[in-house]
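# Survey of secondary and tertiary structure
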Amino acid sequence: MNFEKLRVWKLSARLSAELYKGLRELKDFGFHSQITRSGLSIPSNIAEGMSRFSYKDKRHFLIIARGSCAELRTQIYIGIDIGYIDELLGRQWLQDTRDISAMLHGLITSLDNEQSAES
């Protein structure tokens, strides 16, 4: 499956770019680095996983992407609380992470069902 056609990959890549653009003026390098790395990890792991041949490898990287999504959501909450992220923008990013997580869950479930059918 071509990862570039996946809606979840497109949404997560867009979110990653938005994080970089939205936080470019942030002076706290540690926070900036951590939140942008977790955001970048999501589409990167989707791409790597979907480029693998084995079910086990695909599933592994999708689970890592889902974990990075949870990590990013946590960092967005903290960024809003400490005033680094505008609340309205942060709420949109939080919703995006929820949507991405749900799509990843569906993709993992789909892979599991395909694997079960082949067994």
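See the structure above.
None of these values were measured; they are calculated from a predicted model. (Residues numbered from 1 in each chain as written. Predicted model: local features only at pLDDT ≥ 70, side-chain atom pairs only at ≥ 80, totals over all residues. Heavy atoms only, no water.)

Under the criterion given, the structure shown has two aromatic pairs. Between Phe3 and Trp9, the aromatic rings sit 5.2 Å apart at their centres with planes inclined by 70 degrees, giving edge-to-face as the arrangement. Pairing Phe31 with Tyr84 gives two aromatic rings, centres 5.2 Å apart and planes at 75 degrees, and the pair type is edge-to-face. Note that Phe31 is positioned in helix 2 (residues 29-50) and Tyr84 in the loop between helix 3 (55-81) and helix 4 (87-118), a separation of 53 residues in sequence. Judged by relative accessible area, which is 13%, Phe31 ranks as buried. (Phe/Tyr/Trp six-rings, centres within 6.5 Å; stacked < 30°, edge-to-face > 60°. Helix = DSSP H or I, 4+ residues; strand = E, 2+ residues; numbered from the N terminus. Buried < 20%, exposed > 50% of the residue type's maximum accessible area, 1.4 Å probe, protein only.)

What follows concerns the nonpolar core. In this structure, Val8, Ile46, Leu62, Ile76 and Ile100 are the most contacted members of the largest nonpolar core, which totals 29 residues. Those residues in contact with Leu62, other than ones at most four positions away along the chain, are Ile46, Met50, Leu104, Leu107, Ile108 and Leu111. (Core = buried A, V, L, I, M, F, W, Y, C linked by side-chain atoms within 4.5 Å. Contact = heavy atoms within 4.5 Å.)

Here we take up helix 3. Helix length check: helix 3 (27 residues) gives 39 Å between terminal C-alpha atoms against 39 Å at 1.5 Å per residue, within 8%. Among the structural elements, helix 1 (7-22), helix 2 and helix 4 are those in contact with the buried residues of helix 3. Gly83 sits one or two positions beyond helix 3 and adopts a positive phi of about 85 degrees. (Expected span 1.5 Å × (residues − 1).)

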